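Architecture at a glance
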Amino acid sequence: MPAPHAAAEAEAHYLRMWRLRQMSSAELRILLAGDPSEIAPWVESAARYGLVEAQVRLGQMRLDGLGVARDEAAALEWFTRAAGAGSPEAMNMVGRCYENGWGVSKDLAAAADWYRRSAEAGYDWGEYNYANMLFDGRGVEGDQAQAVTWYRRASERGHARAMNLLARCYEEGWGVARDPESAWDWYRRSADGGYFRAQFNFATLLAGQGRMDAALGWFDQACRGATPESLPGMIEALAGHGDARLAAFASEIGHALEAA
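Here the structure is a predicted model, which is why all the values come from computation and not from measurement.

1. Some remarks on the overall build of the protein chain
Looking only at helices and strands, the protein chain has 15 helices and zero strands in total. Expressed along its principal axes, the backbone C-alpha trace of the protein chain runs to roughly 80 × 45 × 35 Å. Burial analysis of the protein chain (260 residues in total) assigns 40% to the buried set. Sequence-distant contacts, at least 24 apart, represent 41% of the contacts inside the protein chain between residues at least 6 apart. Entry remark: accessible area of the protein chain is about 13,500 Å², with carbon and sulfur atoms responsible for 50%. Of the charged side chains in the protein chain, 26 are positive and 35 negative, and the gap between their average positions amounts to 4 Å.

2. Regarding helix H11 (residues 180-192)
Between its first and last C-alpha atoms H11 spans 18 Å; for 13 residues at 1.5 Å apiece the expected length is 18 Å, and the two agree. Buried within H11 we find Ser182, Ala183, Trp186, Tyr187, Ser190 and Ala191. End-on, the buried residues of H11 take up no more than an arc of 165°, which puts them together on one face. Where H11 is buried, its residues contact helix H9 (144-156), helix H10 (160-172), helix H12 (196-208) and helix H13 (212-225).

3. Overview of the layout of surface pockets
Of the voids in this model, the largest pocket is the one considered here, and its volume is about 340 Å³. As for the largest pocket, its lining consists of 14 residues, of which Asn164, Leu165, Tyr195, Phe196 and Arg197 are closest to the centre. Only H10, H12 and helix H14 (231-239) provide two or more residues apiece to the lining of the largest pocket. When its volume is computed, the second largest pocket comes out at roughly 190 Å³.

4. Quick look at helix H6 (residues 88-100)
The end-to-end C-alpha distance of H6 is 18 Å, a good match for the 18 Å that 13 residues give at a rise of 1.5 Å each. Along H6, the residues that are buried comprise Ala90, Met91, Asn92, Met93, Val94, Gly95, Cys97 and Glu99. Looking at the buried side of H6, the elements it contacts are helix H4 (52-64), helix H5 (72-84), helix H7 (108-120) and helix H8 (124-136). Glycine 101 sits one or two positions beyond H6 and adopts a positive phi of about 75°.

5. Quick word on the side chain of histidine 159
Looking at the element boundaries, histidine 159 is found in the loop between H9 and H10. Judged by its relative accessible area of 4%, histidine 159 is buried. From its side chain, histidine 159 meets the backbone nitrogen of alanine 162 in a polar contact 3.2 Å long. What histidine 159 contacts, discounting residues up to four positions off in sequence, is Asp124, Trp125, Tyr128 and Ala154.

6. Considerations on the nonpolar core
Ranked by size, the top nonpolar core spans 49 residues in total, and within it Tyr151, Phe219, Cys223, Met234, Leu238, Leu246 and Phe249 carry the most contacts. Once residues lying within four places of it in the same chain are set aside, the contact partners of cysteine 223 are Leu231, Met234, Leu238, Phe249 and Ile253. Residues Leu32, Ala40, Leu58 and Met61 belong to the second largest nonpolar core, which totals 15 residues.

Conventions we followed
- Residues numbered from 1 in each chain as written.
- Predicted model: local features only at pLDDT ≥ 70, side-chain atom pairs only at ≥ 80, totals over all residues.
- Heavy atoms only, no water.
- Helix = DSSP H or I, 4+ residues; strand = E, 2+ residues; numbered from the N terminus.
- Buried < 20%, exposed > 50% of the residue type's maximum accessible area, 1.4 Å probe, protein only.
- Contact = heavy atoms within 4.5 Å.
- Areas by Shrake-Rupley, 256 points an atom, 1.4 Å probe, with all protein chains shown as cover.
- Lys, Arg positive; Asp, Glu negative; His and termini not counted.
- Charge placed at Lys NZ, Arg CZ, Asp CG, Glu CD.
- Expected span 1.5 Å × (residues − 1).
- Arc of directions from axis to C-beta.
- 1 Å grid on protein atoms, 1.4 Å probe; cavity = no way out; pocket = protein on both sides within 12 Å on 5 of 7 lines; lining within 4 Å.
- Points joined across faces, edges and corners; volume = space filled by probe spheres on them.
- Polar contact = N/O pair within 3.5 Å; in protein donor to acceptor, adjacent residues only side chain to side chain.
- Core = buried A, V, L, I, M, F, W, Y, C linked by side-chain atoms within 4.5 Å.

These results come straight from atomic positions and should not be treated as a statement about function.
And the structure:
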């Protein structure tokens, strides 16, 4: 005979499963988007029930320790289940786990393969991550031309980070003929999309044209959105630019960073 606690848990799980079966697709989406600390039992029940979106969400919650105990191995298990059911998002996350050693030993070849599957299924993050592996020759034979192809596909879906790297490829002639106009256009699109590195790169192009007012506006946005580990390099680049206004701006940001 099951222990009282186990029996109560099983009954609660059964009731949640029954309620989940009554929900519309819209209700399920609202549920899965809720506060992890409040929805964790529901997400787990939905994941066990076989709802792929819930399996991906539970995997992410386990990976981040949101609403549930952090458990990288359990996260990988849920991502793998969802990937097996055809979820491109989950395929990408399985790749992330293999690339970073989350819940499994690092395996770059396996990571690249899962990114490829996600990319071929049309998922922008899978396209972006597979392009990175191709560009760097990590887990797969390096091929910058193919990397550009996948960066472009992700960019056309609105992926701001991919836009920035596609722009860099056009700027430097990596895997594609140099094309300053295309580089300008993709940096601008990525900057408009809110990616701080593209904002910095676009500002650099503007500064090179002597358009300092516009450049300073983008440099300001870039520094405000930058990760803490990225700021020192950005400040150093600004300080060494040679323009007095940029040097003053770099000093101001540097003092603010020191105070923080």
